[in-house]
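# Summary of structural features
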Amino acid sequence: MPLPDLDPARYDQQLAAKLAAFAADFAACELPPPTAHASQPLHYRLRAEFRAWHHDGVWDYAMFDPENPRQPVLMRDFPAADAAICALMPRLRDASLASETLHRRLYGVEFLATLSGDLLLTLIYHRPLDADWEAAARRLADELGVAIIGRSKGQKLVLERDWVDESFELDGRQLHYRQYEGSFSQPNGGVNRQMLAWARTQAAGLSGDLLELYCGNGNFTVALAPLFGKVLATEVSKTSVKAALHNLESNGIANTAIVRMASEELSAALAGRESFQRLREIDLASHEFSTLFVDPPRSGLDPATLEIAAGFANILYISCNPQTLRDNVAALQATHRIAAAAVFDQFPYTHHLECGVLLQRR
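Residues numbered from 1 in each chain as written. Predicted model: local features only at pLDDT ≥ 70, side-chain atom pairs only at ≥ 80, totals over all residues. Heavy atoms only, no water.

## Thoughts on the sheet that holds strand β12 (residues 231-235)
What the eight strands build is an open sheet, ordered β1-β16-β17-β15-β14-β11-β12-β13; its pairing is mixed. The open sheet has two free edges, formed respectively by β1 (35-37) and β13 (256-260), since each of these has just one partner strand. Strand after strand, the sheet turns through a mean of 15 degrees between neighbouring axes, direction not considered. With three bridges connecting them, β1 and strand β16 (residues 336-344) associate as parallel partners. Residue pairing across strands places His 37 opposite Phe 344, the latter belonging to β16. Where helix α8 (residues 263-270) meets the sheet, it contacts β11 (209-213), β12 and β14 (289-294), and its direction lies at approximately 140 degrees from that of β11. Against the sheet, helix α10 (residues 322-331) contacts β15 (314-319), β16 and β17 (354-361), and its axis sits at roughly 160 degrees relative to β15. (Pairing = 2+ DSSP bridges. Helix = DSSP H or I, 4+ residues; strand = E, 2+ residues; numbered from the N terminus. Axes fitted to C-alpha atoms, helices over the stretch in contact; angles between N-to-C directions. Contact = heavy atoms within 4.5 Å.)

The structure is reproduced here in structure tokens:
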């Protein structure tokens, strides 16, 4: 993906072009008019990763354009990033350059922020990190007022914590999320809130029980669980499951069970083809699933999961790849129609587009 050309003057135009392309791609799927959910034109990214490019006795933040991967693009600021990240970037650079211990063989810098103002900084090195580095990093953390992690090959030094805590209001509820360093979280916090609100609007009134696949840290689980009787959610990442369990407890959600297993495995269990020890405390037969919620990887749903999906009255599907979503919708077209659709501009000024559909049984 080429580096984005951040021009707020043309933001509305590029979003309109994405919406038109999405509608054209789904023309054969009887698509109702999709709603478009815009991003802030600047300062929308809560995650940012940079190389530390050393030159002339200093270093600068650098990114690489895939169209010219050998040439670093040096920057002192990155307007796509959250305003708190942008404010921290020059302070971090200046403070590290004043300490040989902190900038020697510094390879990369990663920022993780939240809408509620939490911030985590990861410094990545091409050398072992010792007690001198830790002491200097602790002084830096106090100076900058942020949590810091140090990484090098085979090392992860957590000075205070390796997570950020997010909190925001949604439909009259204050939602709380823990997001761990190195694990997936939605990069565009403002658009994520719009995705959650849209999903809740579609789920309102569906009742019954909910099955969620690919639940991650419980981003959608926390928002949707109060709308259903019982919820069963699955996720394969151990760190994401840890975060999801914490987030359910933090939000007082007691009707949800999370199982660490792949969607293909749960599909086999639901179809009665296999049994799993990990489901020993889950009474699948007691669930009256009315709705399937999925937010799969770019590859979309596998054939076994598609087969299971066809048996649900309602399918709420969030996708980061309109092409695989279109293919999955086409595979379900004999049994389901699109009742609602939306696009979410998580990545302004790029061709990437998040999208969502509510499929209902014909």
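What follows picks up the thread again.
## Section: the packing of aromatic side chains
Applying the stated criterion to the full structure yields 14 aromatic pairs. A ring pair is formed by Phe 22 and Phe 26, whose centres lie 4.6 Å apart and whose planes are at 35 degrees; its orientation type is tilted. Judged by centre distance (5.8 Å) and plane angle (80 degrees), the rings of Tyr 125 and Trp 133 are edge-to-face. Look at Trp 133 and you get buried, because its relative accessible area is 0%. Each residue in the set Phe 50, Trp 59, Tyr 61, Phe 78 and Phe 111 is aromatic and connected to the rest through ring pairs, giving one cluster. (Phe/Tyr/Trp six-rings, centres within 6.5 Å; stacked < 30°, edge-to-face > 60°. Buried < 20%, exposed > 50% of the residue type's maximum accessible area, 1.4 Å probe, protein only.)

## Description of α10
Buried within α10 we find Pro 322, Thr 324, Leu 325, Asn 328 and Val 329. Seen end-on, α10 carries its buried residues on one side only, within an arc spanning 160 degrees. Here the buried face of α10 lies against α1 (11-25), α9 (303-309), β15, β16 and β17. N-cap assignment for α10: the residue whose side-chain oxygen lies 3.0 Å from the backbone N of Gln 323 is Asn 321. (Arc of directions from axis to C-beta. Polar contact = N/O pair within 3.5 Å; in protein donor to acceptor, adjacent residues only side chain to side chain.)

## Topic: the sheet that holds strand β5 (residues 106-113)
Strand order in this open sheet of seven strands is β4-β3-β2-β5-β6-β7-β8, and the pairing throughout is mixed. Edge positions in the open sheet fall to β4 (72-75) and β8 (155-158), since each of these has one partner strand only. Within this sheet the neighbouring strands show an average axis-to-axis angle of 30 degrees, counted without direction. Pairing geometry for strand β2 (residues 47-55) and strand β3 (residues 58-64), over five bridges, is antiparallel. Residue pairing across strands places Ala 52 opposite Tyr 61, the latter belonging to β3. Relative to β3, helix α2 (residues 83-97) is tilted by about 140 degrees, and along the sheet it contacts β2, β3, β5 and β6 (119-125). The sheet contacts of helix α4 (residues 131-144) involve β6, β7 (147-152) and β8, and relative to β7 the element is tilted by about 150 degrees.

## Digging into the pairing of β13
Each regular strand displays side chains that alternate between the two surfaces of the sheet. Relative to β13, β12 runs parallel, the two sharing five bridges. Paired with Leu 232 across the two strands is Ala 257, which belongs to β13. Regarding topology, helix α7 (residues 238-250) serves as the crossover connection from β12 to the parallel β13, and that connection is right-handed. (Right-handed = clockwise from strand over helix to strand, strands pointing away.)

## What to know about the side chain of Glu 166
As for its placement among the helices and strands, Glu 166 is situated in strand β9 (residues 163-170). No salt bridge is formed by the buried Glu 166; its nearest oppositely charged neighbour, Arg 193, is found at 8.1 Å. (Lys, Arg positive; Asp, Glu negative; His and termini not counted. Salt bridge = Lys/Arg side-chain N within 4 Å of Asp/Glu carboxyl O.)

## Notes on the environment of Trp 163
Looking at where Trp 163 falls in the secondary structure, it is placed in strand β9. Separated by 18 residues in sequence, Trp 163 and Glu 181 place their C-alpha atoms 5.5 Å apart. In contact with Trp 163, not counting residues within four places along its chain, are Asp 118, Leu 120, Arg 178, Gln 179, Tyr 180 and Glu 181.

## Some words on α7
Along its 13 residues, α7 runs 18 Å from first to last C-alpha, staying within 8% of the 18 Å computed at 1.5 Å per residue. All of the buried residues along α7 are Ser 240, Val 241, Ala 243, Ala 244, Asn 247 and Leu 248. An end-on view of α7 places all buried positions within 160 degrees of arc, on one side of the element. α7 presents Lys 238 and Glu 249 as exposed residues on the side facing more than 90 degrees away from its buried surface. (Expected span 1.5 Å × (residues − 1).)

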